[in-house]
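Here are the chains, one letter per residue:
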Amino acid sequence: MQRWIAVGVLVMMLIFGGGVFGYWTYRQNSPAPMWVELPVNPDRTDEELKKTVKELLAKLREKELLEKVSKDLALVEKWQLASDNEAAAALSNRVFVKLGDTNTPAGRVPAVHIGVTGKKKEVKLSGEIAMRLMNDVWKILGIKPPPAN
C-alpha cells in the first residue's frame with residue numbers, strides 16, 4: 001500500500017510541476033508591447049494628430065531605416081534570422097505609432113506612443129528597439145532630442 005501512495009505522490013508532483021511549467025511558458029509568451037511617450041501640444045486638433053501619426057508610422061516602417069536599426073541592435077543574431085532584410089521585415093510588422101495620453105508636470109496631455117509589440121520574454125529587447133526608434137523620431141520631426149541622463 002505504501003508503494004502505491006509513494007507512486008501517487010510522485011505522479012501528483014509531476015502533474016503539478018508540469019502545470020507550473022506550462023503556466024510559466026504561457027506567461028512568457030503573452031503580449032508585452034513597449035513604447036515611448038512623446039507629449040504633444042494639447043491645442044493641436046485630432047486631424048493634425050492623426051496625420052502626424054500616419055506620416056510618422058510610414059517613415060518608421062521604411063526598409064532602410066529598419067535595416068539600420070537591425071544592424072545597430074544585432075537583431076539578426078537575437079531573432080535568429082538570415083539577414084538584416086528579414087529582420088527589417090519582421091520589425092516592420094512590430095512597429096506601431098498610436099495616439100494616447102501621458103502624465104506631465106502640467107497634467108495629462110495628449111501623446112504619441114511610439115513602440116514595438118513583443119512577448120514578455122522579449123521586454124528588454126523591445127525596450128531597446130523603442131528607444132533606438134526614438135533617435136530616428138527626433139530626426140524625422142526635426143526636434144532636438146532631450147539630454148541623456
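Everything here concerns the structure above.
Residues numbered from 1 in each chain as written. Predicted model: local features only at pLDDT ≥ 70, side-chain atom pairs only at ≥ 80, totals over all residues. Heavy atoms only, no water.

## Some words on the sheet that holds strand β1 (residues 34-39)
Piece 1. Here three strands make up an open sheet; going across it, the order is β1-β3-β2 and the pairing antiparallel. Every interior strand has two partners, whereas the edge strands, β1 and β2 (95-104), have only one. Adjacent strand axes in the sheet meet at a mean angle of 35 degrees when their direction is disregarded.
Piece 2. Relative to strand β3 (residues 107-116), β2 runs antiparallel, the two sharing 10 bridges. Bridged to Asp101 within β3 is Pro110.
Piece 3. In the packing of helix α5 (residues 84-94) onto the sheet, the strands contacted are β2 and β3, and the crossing angle to β2 comes to about 45 degrees. (Pairing = 2+ DSSP bridges. Helix = DSSP H or I, 4+ residues; strand = E, 2+ residues; numbered from the N terminus. Axes fitted to C-alpha atoms, helices over the stretch in contact; angles between N-to-C directions. Contact = heavy atoms within 4.5 Å.)

## Quick word on helix α6 (residues 123-141)
Piece 1. Here α6 spans 26 Å end to end across 19 residues, near enough to the 27 Å set by a 1.5 Å rise per residue.
Piece 2. When we look at burial in α6, the residues that qualify are Leu125, Ser126, Gly127, Ile129, Ala130, Arg132, Leu133, Met134, Asp136, Val137 and Trp138.
Piece 3. Following α6 by one or two positions, Gly142 has its phi on the positive side, about 70 degrees. (Expected span 1.5 Å × (residues − 1). Buried < 20%, exposed > 50% of the residue type's maximum accessible area, 1.4 Å probe, protein only.)

## Some points on the packing of helix α2 (residues 46-60) against α6
Piece 1. The interhelical angle for the contact between α2 and α6, taken along N-to-C directions, is 120 degrees, at an axis separation of 11 Å. As judged from the angle between their axes, α2 and α6 are oblique. Two packed elements cross with a definite hand, and for α2 against α6 that hand is right-handed. Along its contact with α2, which presents Leu56, Lys59 and Leu60, the element α6 presents Leu133, Asp136, Val137, Ile140 and Leu141.
Piece 2. When grouped by side-chain class, the residues that make up the contact of α2 with α6 number six nonpolar, no polar and two charged. (Parallel < 35°, antiparallel > 145°, perpendicular 65-115°, else oblique. Left-handed = near helix turned anticlockwise from the far one by under 90°. Nonpolar A, V, L, I, M, F, W, Y, C, P; charged D, E, K, R; others polar.)

## Details of the pairing of β3
Piece 1. Counting buried positions along β3 gives seven out of 10 residues, so the element sits mostly inside the fold.
Piece 2. As paired strands, β1 and β3 are joined by six bridges and run antiparallel to one another. By the bridge assignment for β3, Val36 is matched with Ile114.
Piece 3. The turn joining β2 and β3, which pair antiparallel and follow one another in sequence, is formed by two residues.

## Some details on the nonpolar core
Piece 1. With 29 residues, the main nonpolar core has Leu60, Leu75, Leu91, Ile114, Ile129 and Leu133 as its most contacted residues.
Piece 2. Among the secondary structure elements, those contributing two or more residues to this core are β1, α2, α3 (63-73), α4 (75-78), α5, β2, β3 and α6. (Core = buried A, V, L, I, M, F, W, Y, C linked by side-chain atoms within 4.5 Å.)

## Quick look at a nonpolar patch on the surface
Piece 1. On the surface, Met1, Ile5, Val9, Leu10, Met13 and Leu14 cluster together into a nonpolar patch covering about 680 Å² of accessible area.
Piece 2. Mapped onto the elements, Leu10 comes out in helix α1 (residues 2-28).
Piece 3. Since its relative accessible area comes to 49%, Leu10 is described here as partly exposed. (Patch = residues over 30% accessible without salt bridge, like charges linked within 9 Å, V, L, I, M, F, W, Y side chains within 5 Å. Areas by Shrake-Rupley, 256 points an atom, 1.4 Å probe, with all protein chains shown as cover. Salt bridge = Lys/Arg side-chain N within 4 Å of Asp/Glu carboxyl O.)

## A look at the environment of Val20
Piece 1. Within the secondary structure, Val20 is located in helix α1.
Piece 2. The exposure class of Val20 is partly exposed, given its relative accessible area of 44%.
Piece 3. For the pair Val20 and Val40, spaced 20 residues apart in the sequence, the C-alpha separation amounts to 44 Å.

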